[in-house]
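Here is what each chain is made of, one letter per residue.
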Amino acid sequence: MFVQVCLYFYCKCLWRCLKFVVRKLTGRCELQRICYNTKPGAARTMKIEASLKGSKSKRLQTSVSVHPDAIEKTIDDIMELKRINPDINPQLGVSLQACLLQIVGYRNLIVEVEKLRREPYDSENPQHEEMLLKLWKCLKPNSPLKARISKQWCEIGFQGDDPKTDFRGMGLLGLYNLVYFAEWDTEIAQQVLSDSLQPKYSYSFAIVGINITDLAYNLLVSGALKTHFYNVAPEAPTLTHFQQTFCYLMHEFHKFWIEEDPLDIMEFNRVREKFHKRILKQLQNPEMALCPHFAASESLINM
């Protein structure tokens, strides 16, 4: 343990000495070198984030968690601290601002998503009930729901006659994602639902949707989705970006399920874990952007 601690501090000191020498030779600090030598996107933003977090300056360390309204002031502070003349380096401030918007936005998105996940479904809340009924109407427009408590809910993949019990694990987040998928990618959602009812590939559409919501949530919280969001969101990633990502994952998992040709639903956990590993591997590529083929994604891709 002692040797490991000594090695850690040795490498840290060596790295700082190396940065000092490089700055003297190039006349540029690490932030400048990153912005000038790395193209916009995940590669640049993740390097900027690592540089700020690893700085010995508390002001730089805390810059990744400021309020969005304070980003411009934070950029001015960074330029001053690093003794960078904004008149000589005008593009640097713009590049740093874009990176900080993404970094701070990602942190805020986690907070927003976590809030939805923690909010339980409440059948006494009219808004919750309205969203649930919208899910049915989008998926089964030609089959009126005969009653709020009904075995019909099993037709779209819920476990019983009252879907509220199925949202316990992911709270409102699961419902939000399912409704977004059904409302904005209706044709694809209806096709996936139809396929899921076929005996050969049978699975519970809604329950799998809640499970894929859990997968998307864990990718977000672990930081794995930074690669995707930093490449597709020119500024702060939003809840809409997250829901669009859910649509992509839901569609891709459906195709993956068919490709795997499982014997029955008992193989779900195996297939899910294999799918999870594949997505993680894709996201390790700094150039990666999960590019959905849905109408709901077009406006975001074109931003």
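Under an unreviewed UniProt entry, the protein chain has the name ELMO domain-containing protein 1 and belongs to Nipponia nippon.

Student: Would you take a moment to explain the overall build of the protein chain for this structure?
Tutor: Each helix and strand in the protein chain was counted, giving 14 helices and zero strands. Secondary structure elements in the protein chain, listed N-terminal to C-terminal, are α-α-α-α-α-α-α-α-α-α-α-α-α-α. The contacts in the protein chain between residues at least 6 apart in sequence include a share of 66% that link residues at least 24 apart. Total accessible area on the protein chain stands at roughly 16400 Å², and carbon and sulfur atoms take up 56% of it.

Student: Looking at this model, I keep getting lost on the confidence of the model for the protein chain. Mind explaining?
Tutor: Looking at the protein chain as a whole, the pLDDT averages 89, with 87% of positions reaching at least 70. Within the protein chain, no element has a lower average pLDDT than helix 14 (residues 295-301), which sits at 39, and none a higher one than helix 10 (residues 205-222), at 98. This stretch, residues 17-26, has a pLDDT under 50; its non-local contacts, to residues over four places away or in other chains, come to nine contacts. Predicted confidence for residues 292-303 stays below pLDDT 50, and this span has 21 contacts to residues more than four positions away or in other chains.

Student: What is the right way to look at the packing of helix 2 (residues 30-37) against helix 3 (residues 42-53) in this model?
Tutor: In a packed pair of helices, the relevant descriptors are the angle between the two axes and the axis-to-axis distance. Between helix 2 and helix 3, the least distance of the axes is 10 Å, while the angle of their chain directions is 175 degrees. When the axes of helix 2 and helix 3 are compared, the pair comes out roughly antiparallel. For the pair formed by helix 2 and helix 3, the contact residues are Glu30, Leu31, Ile34 and Cys35 on the first element and Arg44, Lys47, Ile48, Ser51 and Leu52 on the second. Of the residues that constitute the contact of helix 2 with helix 3, the class distribution is five nonpolar, one polar and three charged.

Student: Any chance you could explain the pattern of salt bridges here in plain terms?
Tutor: Pairs can form between side chains of opposite charge once their charged atoms are near each other. Using the criterion set out here, one finds 18 salt bridges in the structure. Two residues, Lys39 and Glu287, come together in a salt bridge whose shortest N-O distance is 3.2 Å. In this pair, Lys39 is assigned in the loop between helix 2 and helix 3 and Glu287 in the loop between helix 13 (268-283) and helix 14, connecting sequence segments 248 residues apart. A cluster of three or more residues bridged by salt bridges with shared partners is formed by Glu260, Glu267, Arg270 and Lys274.

Student: Where do I start with the packing of helix 3 against helix 6 (residues 90-118) in this structure?
Tutor: Packing of helix 3 against helix 6 leaves a shortest axis separation of 9 Å and a crossing angle of 85 degrees. Relative to helix 6, the element helix 3 is oriented roughly perpendicular. Contact with helix 3, carried on its side by Arg44, Thr45, Ile48, Glu49 and Leu52, involves Ser95, Leu96, Cys99, Leu100, Gln102 and Ile103 of helix 6 and no other residues of that element. Residues that form the contact of helix 3 with helix 6 fall into these classes: six nonpolar, three polar and two charged.

Student: Explanation requested: the packing of aromatic side chains in the structure shown.
Tutor: Each pair of aromatic rings is reported with the distance of its centres and the angle of its planes. All told, the structure shown has 15 aromatic pairs when counted by the stated rule. Between the aromatic rings of Phe253 and Trp257, the centroid separation amounts to 6.1 Å while the plane-to-plane angle is 35 degrees, which identifies the pairing as tilted. One end of the pair is Phe253 and the other is Trp257, both in helix 12 (residues 239-260) and four residues apart, which spans about a single turn. For Phe253, a relative accessible area of 1% gives the class buried. Members of the aromatic cluster, each reached through a chain of ring pairs, are Tyr203, Phe253, Phe256, Trp257, Phe268 and Phe275.

Student: I would appreciate a short explanation of the environment of Val111 in the present structure.
Tutor: With respect to the secondary-structure elements, Val111 resides in helix 6. As for Val111 and Val221, which are separated by 110 residues in sequence, their C-alpha atoms are 9.5 Å apart.

Student: Would you mind going over unusual backbone geometry with me for this structure?
Tutor: Generally, phi is negative for residues other than glycine and the peptide bonds are trans, each holding for most cases. Phi is positive for Arg83, close to 55 degrees, though the residue is something other than glycine. Structurally, the position occupied by Arg83 is in the loop between helix 5 (71-81) and helix 6. Using a relative accessible area of 77% as the deciding quantity, one classes Arg83 as exposed. Unusually for a residue other than glycine, Asp261 sits at a positive phi of about 50 degrees. Assignment of secondary structure puts Asp261 in the loop between helix 12 and helix 13. By relative accessible area, Asp261 is classed as partly exposed at 40%.

Student: Would you mind showing me how to read the nonpolar core here?
Tutor: If you look at soluble globular proteins, the nonpolar side chains tend to sit buried side by side. Ile48, Leu96, Leu135, Leu175, Phe242 and Leu249 are the most contacted members of the largest nonpolar core, which totals 80 residues. Both domain 1 (24-117) and domain 2 (123-284) contribute no fewer than three residues apiece to this core.

Student: In this structure, what is going on with helix 2? I would like to understand it.
Tutor: Two residues of an α-helix separated by three or four positions point the same way, owing to the 3.6 residues in each turn. Within helix 2, six of the eight residues are buried, which leaves it mostly tucked inside the rest of the structure. Residues Glu30, Leu31, Gln32, Arg33, Ile34 and Cys35 constitute the buried set of helix 2.

Calculation criteria
Residues numbered from 1 in each chain as written. Predicted model: local features only at pLDDT ≥ 70, side-chain atom pairs only at ≥ 80, totals over all residues. Heavy atoms only, no water. Helix = DSSP H or I, 4+ residues; strand = E, 2+ residues; numbered from the N terminus. Contact = heavy atoms within 4.5 Å. Areas by Shrake-Rupley, 256 points an atom, 1.4 Å probe, with all protein chains shown as cover. pLDDT = per-residue confidence, 0-100. Axes fitted to C-alpha atoms, helices over the stretch in contact; angles between N-to-C directions. Parallel < 35°, antiparallel > 145°, perpendicular 65-115°, else oblique. Nonpolar A, V, L, I, M, F, W, Y, C, P; charged D, E, K, R; others polar. Salt bridge = Lys/Arg side-chain N within 4 Å of Asp/Glu carboxyl O. Phe/Tyr/Trp six-rings, centres within 6.5 Å; stacked < 30°, edge-to-face > 60°. Buried < 20%, exposed > 50% of the residue type's maximum accessible area, 1.4 Å probe, protein only. Core = buried A, V, L, I, M, F, W, Y, C linked by side-chain atoms within 4.5 Å. Domains from an automatic or database assignment.

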